[in-house]
Amino acid sequence: MARSRLTPERESELYAAVLDLLREVGYDALTMDAVAARTHSSKATLYRQWGSKPELVARALRHNKPVSLTEIDTGTLRGDIAEMLERTDDCQMDKDAALMRGLAHAIHTNPELHRALRELLIEPEMNGLDEVLRRAVHRGEIPADNPALKLVPHMLIGAFIARPLIEDQPVDKAFLSAYFDAVVLPSLGA
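Residues numbered from 1 in each chain as written. Predicted model: local features only at pLDDT ≥ 70, side-chain atom pairs only at ≥ 80, totals over all residues. Heavy atoms only, no water.

**Student:** Provide a residue-level description of the overall build of the protein chain, including the pertinent values.
**Tutor:** Looking only at helices and strands, the protein chain has nine helices and zero strands in total. Each helix (α) and strand (β) of the protein chain, taken in turn from the N terminus, gives the series α-α-α-α-α-α-α-α-α. Expressed as lengths along the three principal axes of its C-alpha atoms, the size of the protein chain is roughly 55 × 35 × 30 Å. In the protein chain, which comprises 190 residues, the share counted as buried stands at 37%. Here the analysis covers contacts within the protein chain between residues at least 6 apart in sequence; of these, 69% occur between residues at least 24 apart. Mean positive and mean negative side-chain charge positions of the protein chain (23 and 29 charges, respectively) differ by 5 Å. (Helix = DSSP H or I, 4+ residues; strand = E, 2+ residues; numbered from the N terminus. Buried < 20%, exposed > 50% of the residue type's maximum accessible area, 1.4 Å probe, protein only. Contact = heavy atoms within 4.5 Å. Lys, Arg positive; Asp, Glu negative; His and termini not counted. Charge placed at Lys NZ, Arg CZ, Asp CG, Glu CD.)

**Student:** I'd like a rundown of a nonpolar patch on the surface, residues and numbers included.
**Tutor:** A cluster of nonpolar side chains, namely Ile-157, Ile-161, Leu-165 and Ile-166, defines an oily patch on the protein surface of about 470 Å² accessible area. Mapped onto the fold, Ile-166 is located in helix 8 (residues 152–167). (Patch = residues over 30% accessible without salt bridge, like charges linked within 9 Å, V, L, I, M, F, W, Y side chains within 5 Å. Areas by Shrake-Rupley, 256 points an atom, 1.4 Å probe, with all protein chains shown as cover. Salt bridge = Lys/Arg side-chain N within 4 Å of Asp/Glu carboxyl O.)

**Student:** Now, about helix 5 (residues 77–86): what can you tell me, with residues and values included?
**Tutor:** Residues of helix 5 that are buried include every one of Leu-77, Asp-80, Ile-81, Met-84 and Leu-85, and no others. For helix 5, the arc enclosing every buried residue in end-on projection is 135°, short of the 170-degree limit, so these residues lie on one face. The inward-facing, buried residues of helix 5 abut helix 7 (111–138) and helix 9 (173–188). (Arc of directions from axis to C-beta.)

**Student:** I'd like to hear about the packing of helix 7 against helix 8, residue by residue, with values.
**Tutor:** Look at helix 7 against helix 8: their axes get within 11 Å of each other, and the N-to-C directions meet at 120°. It follows from the interaxial angle that helix 7 and helix 8 lie oblique. Of the two possible hands of crossing, helix 7 and helix 8 adopt the one that is right-handed. Between helix 7 and helix 8, the residues in contact are Met-126, Leu-129 and Leu-133 and Val-152, Pro-153 and Leu-156, respectively. (Axes fitted to C-alpha atoms, helices over the stretch in contact; angles between N-to-C directions. Parallel < 35°, antiparallel > 145°, perpendicular 65-115°, else oblique. Left-handed = near helix turned anticlockwise from the far one by under 90°.)

**Student:** Please give an account of the packing of aromatic side chains that cites residues and values.
**Tutor:** Tallying each qualifying case throughout the model produces two aromatic pairs. A cation over an aromatic ring shows up here: Lys-53 above the ring of Tyr-27, its NZ or CZ 4.1 Å from the ring centre. (Phe/Tyr/Trp six-rings, centres within 6.5 Å; stacked < 30°, edge-to-face > 60°. Lys NZ or Arg CZ within 6 Å of the ring centre and 35° of its normal.)

**Student:** Kindly report on the environment of Glu-131, identifying the contributing residues and their values.
**Tutor:** Looking at the secondary structure, you find Glu-131 in helix 7. By relative accessible area, Glu-131 is classed as partly exposed at 24%. A sequence separation of 48 residues divides Glu-131 from Glu-83, and the C-alpha atoms of the two residues are 15 Å apart.

Coordinates in, geometry out; function isn't part of it.
Structure follows, in C-alpha cells:
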C-alpha cells in the first residue's frame, strides 16, 4: 500500500482523530465513515491508504509511540528504565490506558485487529525491551539464564492491569518507578 500521497502532517492529523474517536466510542463503534467525517476525507481515501480499520487503528497507535526503546542506552539497566519513564508523562499514560481499555474486548473478538496490533505495536515494543535487557545481560547486570528475563513483558502488563483493578488508581510514573524497583529489578537479580 502506497501511503506517500499524504503529508506527514496530514497523516498525524488523521491518526490523532482515529485515537480521539477510539477513546470516545471504543473500537467496535469506530467506523471508517466516522473517521472520514471527522477528518474531512473520503472513505475511499482511508481504504486506499490503510486497507482496513484494524490496520488504520494499529498504525495510529504506533504513530502515537514515537520513542523507540532501542534508542535508550544509558549504560545501566536502572538508568535505561529511569530514562524510559522520563520520556513519558502521567497524562499520556492515562490516555494510553484508556485506549487499551477500549481495545481490550475488540482484540479478543477481532483476529485481524490482534494481528495488526501484534505486528505494528506489540512486537516492536517487545523487541525494544528485549534489546534493553540484552544489553544489561551483556554488561553483566543480569545473569543470561535468569528465567525472569522472559517474563518482564508479563510483569509490566500485569502492573498496567492490576493497579486500576486493585487500587482504582491509574498507572503513573511514580507507581511504575516503585514497581520496577520492588518487582522487576529484584526478579532479574539486577
